[in-house]
Every structure is written in C-alpha cells, then in structure tokens.
Amino acid sequence: MNKFNFGVMQGRLVPPEIKNKIQSFPWKSWQKEFHLAKKLRLKLIEWTLDNKNFYKNPLLNSKYFEKIKNLSEKNNIRIESVTCDFFMEKPYFKQNKKNQIEIKNKILFLINSCLILNIKYIVLPLVDNTSLKTKKDENTIVGLINFFLPLIKSTNIRILFESDYNPKKLLKFIKRFKLKNIGINYDTGNSASKNYDFNKEKIYFKYVQNVHIKDRLCFGTTVPLGKGNQDFEKVFKYLKKEYKGNIILQTARSKNKHVDELRKNFYFIKKIIKNV
C-alpha cells in the first residue's frame with residue numbers, strides 16, 4: 001500500500017467548468033484543488049492541458065511557476081505528470097503540415113516547462129479521437145516522437161502513450177522506441193471498455209510508468225469503480241507485487257459532490273489493495 005503514490009486527475013475535485021465535459025483544466029479553481037487533494041491525503045495531481053488557451057495555462061506561463069511550486073510545497077502535493085488533452089482534440093496524424101508544426105511547438109514548449117518544474121511524465125493519448133487506425137497513422141506518431149528524442153534522451157522526461165491497441169500490438173508498438181524515455185500509461189478504464197484480458201496485458205507492463213484508475217462498461221462509458229468491466233482485484237494483486245509507480249484516480253464524476261465521490265473511489269481502491 002505504502003509503495004504507491006496516489007494522485008488525482010486535475011479537475012476531479014472541483015465543479016467542471018465546461019458543460020457535458022468530464023475533464024478540462026479548472027481555470028477558476030486550480031489553486032484550490034491542491035488543498036482539497038491534501039485533505040484526502042493524496043500525494044499527486046496530474047495536470048491537464050487543453051487546446052483552448054493553451055499558452056495561457058499556468059503550467060506554460062512562467063509568471064505562475066513560483067505559485068505552482070509554492071502550492072506544491074505548502075500542501076505536499078507533487079506535479080509529476082501531465083495529460084495532453086490538446087493532443088486528443090487535434091490529432092497530429094489528421095492535421096496538415098502547418099498544424100503539425102503548431103503541435104510540435106506546443107509539445108516543445110511543454111517539455112521546456114516540465115524541465116523547469118521537474119515534471120517527469122508527459123501522457124499522450126492514442127485513444128478515442130486519437131486512436132490509431134492505420135499503419136500510416138502509427139508511423140506518423142513514431143516520426144513525431146523521434147523528432148523529440150535528441151532533446152529528451154539526456155533528461156528525466158518520459159513520454160508515455162495511453163493506447164487502445166490490443167496487448168500484442170501495443171508491445172510491438174512501444175518496442176519501436178528503443179529508449180527508456182518512451183513508455184506506457186496504463187488506463188484500467190480503457191482496457192475494461194475494450195474487454196482486454198489483464199493477464200494478457202502483463203506482457204507490456206515493464207514499459208508501464210504511470211497508471212490511470214477508472215472503470216468503464218464493455219464498449220461503453222465511464223462508470224463508478226466496481227460498476228464496470230474491470231477486475232480491480234486482479235489488477236491490484238499484480239500491481240502490488242510488480243509496480244511501484246504512480247496511481248492517478250481519473251474516476252467517474254458526481255453531479256455535485258466532487259470531493260466525496262473521489263474519497264469514495266479512493267477508499268474503494270485502498271480496500272482492495274488491503275485485501276489482495
């Protein structure tokens with residue numbers, strides 16, 4: 001239990017600011033969330049970056065860097081990972097050359113901020129709108145990441161893919177990058193929605209460096225933990241023995257009791273870990 005560092009996806013502890021959107025950067029209350037996470041005895045917040053107002057986000061605006069550091073120290077909450085929702089909103093492999101250059105510049109800007117703020121993990125989603133459908137799509141993404149390898153290979157930055165590929169295909173994909181700086185973000189909800197067998201997913205787990213916790217119905221949407229298709233006992237029995245990284249709660253939202261909902265989910269996971 002103690003070896004896991006538990007955190008929360010940014011925005012889960014405060015009211016959503018965009019109607020019908022489960023996840024977005026909480027412009028009005030991002031500072032408040034540090035204190036709320038501390039009250040729940042969490043250790044981490046995973047930052048979220050949207051496409052809209054990208055460069056105005058505090059994580060990318062140097063005038064907020066000291067504020068972020070002070071909030072982190074005061075509340076003992078670390079920022080070790082960033083999830084790039086902007087990458088899903090405008091999939092790189094679906095863009096023209098001009099837009100691709102813009103996306104490259106955004107990732108470069110993000111890497112520089114992560115270096116300054118000692119943020120280790122950059123999570124790039126390859127699911128839903130960014131799901132890779134063809135070999136050409138995949139090759140385009142590989143080309144994009146190879147562009148950044150000379151920059152990050154001498155740093156502590158890790159680019160992690162969150163993918164909906166089946167286990168064998170994901171292992172083959174991640175092996176295309178022969179560098180420790182490229183890994184996998186494992187999402188329990190995405191795997192549940194694809195009806196993947198966790199025993200088969202273990203083949204790529206040596207590449208997993210960050211874990212998102214949520215539950216989803218088979219081929220369906222996010223639901224409260226324990227109400228979907230994921231076998232959390234099987235997952236945590238394995239993680240307890242083989243994984244020592246971060247666990248980020250990205251669970252289903254409540255309509256209004258955001259902190260209580262997260263507390264309930266955290267308790268659900270802690271109880272499972274204790275019993276497996």
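Remember, predicted model here, so these are calculated numbers, not experimental data.

A.B. asks: Quick question: what am I supposed to make of the sheet that holds strand 1 (residues 5–9) here?
C.D. replies: The strands making up a sheet associate through hydrogen bonds between their backbones, and the pairing can be parallel or antiparallel. The strand order around the closed barrel formed by 8 strands is 1-2-3-4-5-6-7-10, and the pairing between neighbours is parallel. Between one strand axis and the next, the sheet turns by 30 degrees as a mean value, whatever way the strands run. Bridge count for strand 1 against strand 2 (residues 44–49) is 3 bridges, and the pairing is parallel. Looking across to strand 2, one finds that M9 is bridged to E46.

A.B. asks: In this structure, what is going on with the nonpolar core? I would like to understand it.
C.D. replies: One broad rule of soluble globular proteins: the nonpolar side chains tend to lie buried together. In terms of nonpolar packing, the biggest core is built from 80 residues, with W47, F87, L110, I141, I145, F161 and F236 touching the most fellow members. The greatest single-element share of this core, amounting to 7 residues, is contributed by helix 5 (residues 135–152). Setting aside chain neighbours within four positions, we find F87 in contact with Y92, I103, I107, L124, P125, L126, T130, I141 and L144.

A.B. asks: Looking at this structure, I do not really get the packing of helix 1 (residues 32–39) against helix 2 (residues 65–75). What am I missing?
C.D. replies: Pairs of packed helices are described in terms of their axes, by the angle between the two and the distance that separates them. The N-to-C vectors of helix 1 and helix 2 enclose an angle of 20 degrees; their axes lie 9 Å apart at closest approach. With respect to helix 2, the element helix 1 is oriented roughly parallel. Crossing of helix 1 over helix 2 shows right-handed handedness. Contacts between helix 1 and helix 2 involve F34, H35 and K38 on the former and, on the latter, L71, S72, K74 and N75. Classifying every residue of the contact of helix 1 with helix 2 by side-chain character gives 2 nonpolar, 3 polar and 2 charged.

A.B. asks: What is the right way to read the pattern of salt bridges from this model?
C.D. replies: When the charged atoms of two side chains with opposite charge come close together, those side chains can pair. Tallied over the entire structure, the rule returns 8 salt bridges. One salt bridge connects R176 with E138, and the closest N-O pair in it is separated by 2.8 Å. Of this pair, R176 sits in the loop between helix 6 (167–174) and strand 6 (182–187) while E138 sits in helix 5, and the two are 38 residues apart along the sequence. Looking at E138, the relative accessible area reads 5%, which means it is buried. In this structure, the salt-bridge partner of E261 is K264, at a minimum N-O distance of 3.5 Å.

Reading guide: rules and limits
Residues numbered from 1 in each chain as written. Predicted model: local features only at pLDDT ≥ 70, side-chain atom pairs only at ≥ 80, totals over all residues. Heavy atoms only, no water. Pairing = 2+ DSSP bridges. Helix = DSSP H or I, 4+ residues; strand = E, 2+ residues; numbered from the N terminus. Axes fitted to C-alpha atoms, helices over the stretch in contact; angles between N-to-C directions. Core = buried A, V, L, I, M, F, W, Y, C linked by side-chain atoms within 4.5 Å. Buried < 20%, exposed > 50% of the residue type's maximum accessible area, 1.4 Å probe, protein only. Contact = heavy atoms within 4.5 Å. Parallel < 35°, antiparallel > 145°, perpendicular 65-115°, else oblique. Left-handed = near helix turned anticlockwise from the far one by under 90°. Nonpolar A, V, L, I, M, F, W, Y, C, P; charged D, E, K, R; others polar. Salt bridge = Lys/Arg side-chain N within 4 Å of Asp/Glu carboxyl O.

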